[in-house]
Amino acid sequence: MIPRICILILSLYLLAGISSQSNEYDATIRTMEEFSGYQIHEPSFYDSSSSSLSVDIETLQRQIDELSTFSDVPAPAVTRILYSEKDVQARGFVKNLMNISGLSVREDAVGNIFGRWVGSEPELAPVSTGSHIDAIPYSGKYDGVVGVLGAIEAINVLKRSGFKPKRSLEVIMFTSEEPTRFGISCLGSRLLAGSKELAQLLKRTVDGQNISFSDAAKFAGYTNSEDFSSVFLEKGSYSAFIELHIEQGPILEEEAISIGVVTAIAAPASIKVDFEGNGGHAGAVLMPKRNDAGLAAAELALAVEKHVLESGSIDTVGTVDTRDIDEQRRNLVIEKIHQSALSISKARNVELSEFKIVNQDPPALSEELITKATESACQELNMTYKKMISRAYHDSLFMARISPMGMIFIPCYKGYSHKPEEFAAQQDIANGVRVLALTLAKLSFS
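Reference entry: report on the structure contained in this document. Worth saying up front: this structure is predicted, and the values here are computed from it rather than measured. (Residues numbered from 1 in each chain as written. Predicted model: local features only at pLDDT ≥ 70, side-chain atom pairs only at ≥ 80, totals over all residues. Heavy atoms only, no water.)

Considering the sheet that holds strand β12 (residues 351–360)
We apply this condition: Here a strand pair is declared whenever DSSP counts at least two bridges between the two strands. Helix and strand labels come from DSSP, where a helix needs a run of H or I of at least four residues and a strand needs a run of E of at least two; each type is numbered from the N terminus. Any two residues whose heavy atoms approach within 4.5 Å at even a single point are treated as in contact. Every axis corresponds to a line fitted to the C-alpha atoms, with the helix fit spanning only the stretch in contact, and the corresponding angles, defined between N-to-C directions, vary from 0 to 180 degrees.
With antiparallel pairing, 4 strands are arranged side by side in an open sheet as β10-β11-β9-β12. Two strands bound the open sheet, and with one partner strand each, they are β10 (317–318) and β12. Across 4 bridges, strand β9 (residues 267–276) lies against strand β11 (residues 321–324) in antiparallel orientation. Looking across to β11, one finds that Pro268 is bridged to Arg323. Running over the sheet, helix α11 (residues 327–347) touches β9, β11 and β12 and is turned about 165 degrees from β12.

See below:
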């Protein structure tokens, strides 16, 4: 029932906006030209009242729905694992849409897919946008997908309007943002950012079925997948990167705000902790004599919660990992967790055999140039917006190591994500695509 209600709202929104589209778009074009210092269109373009930054939301929704059928589980859930048969089919679907949109398509050795609209000055560093389409088991159909298919539609929006970019615009579909198959999150974007450690690790990485990463990649058609360094991009390869994404949280929906302008992305630190105790009969071992590793682990889990809450910041969170936008504050929590693990092992007479930081990625800040362009786009399109952080992390976190970075959030139903109930209303998707399109236009002339 929720989707049906949202569709009806969208219809009212579109009908209400028809009379003002022409004036609104003329003002947008003038602002774009003032911002860039370039004349974007031929003078005759202004006389065309049918031209606007309009999103073909019905087609975009059909594409989202069709992509969700490339899944190993029935609807409404989506499971799409890296280099699986369904993943290969989904990749073909995305490449076909890029081709239809007139983009020049290429892929790298691990399957990052790039679709480029060549600008009038192709020697300049391009502006890029995009996200991922892989999906953890029994998740939803909007996470990542809105940022890929929505980015292609943003290009279509600009093309239909008659816009001509100065810098080239590129849509990226990143490989394996989710860690489902090989236990490595943001695999494609980490490699693009030049992770030599990951390039070496992949040469000896296998999945749960003992299939090597290279063999899995070859199954998907990436025969040069052993040369992982070929994926690396130089810093400055893009002048800007911006990702459109569902919020995966409840704030925008609860506050009835159309757009989130992301100012920072939290990054996790994951810890591996092993306690070793002694086994014994459940009834016969006396309580004072027990060395229960399970209870030690349970006590440490509660200690994680305690230390996170004591940080005094709503932006510090912890569960099986600890994450924050403030790296120093996050690392202080980790040290407190370590001290608790030592105290618990001593008090319970168990051995703390391992306390290992598995990963400790630094958080990333959005570039002011991009956030200001996004805010300006929201203002020109008369959309409400809120500056906010991303508590989930995304490919944008690693793209920030290559170029200035920013993100655009749209509301999602009750903040649900990574579950079949994940949903974004058509109006919210259309709003995000329009803001993305105008932001890309601004950045292409920056």
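Here the narrative resumes, following the displayed structure.
A few points about the packing of helix α3 (residues 57–68) against helix α14 (residues 426–444)
The test is simple: Roughly parallel refers to an angle under 35 degrees, roughly antiparallel to one over 145, roughly perpendicular to one between 65 and 115, and oblique to any angle outside these ranges. Each residue is assigned to one class: nonpolar for Ala, Val, Leu, Ile, Met, Phe, Trp, Tyr, Cys and Pro, charged for Asp, Glu, Lys and Arg, and polar for all the others, Gly among them.
Orientation of α3 relative to α14, taken along the N-to-C sense of each, is 105 degrees, at an axis distance of 10 Å. With respect to α14, the axis of α3 lies roughly perpendicular. Judged by residue contacts, Ile57, Glu58, Leu60, Gln61 and Ile64 of α3 engage Gln426, Ile429, Ala430 and Val433 from α14. Its residues placed into classes, the contact of α3 with α14 shows 6 nonpolar, 2 polar and 1 charged.

Remarks on the environment of Thr59
With respect to the helices, strands and loops of the structure, Thr59 is situated in helix α3. Here the alpha-carbon distance between Thr59 and Glu153, two residues 94 residues apart in the chain, equals 9.3 Å.

So, the nonpolar core
Our working rule: Each nonpolar core is a collection of buried residues, namely Ala, Val, Leu, Ile, Met, Phe, Trp, Tyr and Cys, held together in the definition by side-chain atoms within 4.5 Å. Each residue is placed in one exposure class: buried if its accessible area under a 1.4 Å probe, protein chains only, is under 20% of its type's maximum, exposed if it is over 50%, and partly exposed if it falls in between.
Of all hydrophobic cores here, the largest spans 61 residues; its most connected members are Leu149, Leu158 and Ile429. Discounting chain neighbours no more than four positions away, the residues touching Ile429 are Ile57, Leu60, Gln61, Ile64, Tyr142, Val146, Ile410 and Ala424. Among the nonpolar cores identified, the runner-up in size contains 40 residues, and Leu187, Ala220, Ile265 and Phe398 belong to it.

Topic: α11
Threshold: Each residue after the first adds 1.5 Å to the expected span of a helix.
Compared with the 30 Å implied by 1.5 Å per residue over 21 residues, the 30 Å span of α11 between its first and last C-alpha is a close match. On its buried face, α11 sits against β9, α10 (293–310), β11 and β12. The positive-phi residue at the C-terminal boundary of α11 is Asn349, with phi of around 55 degrees.

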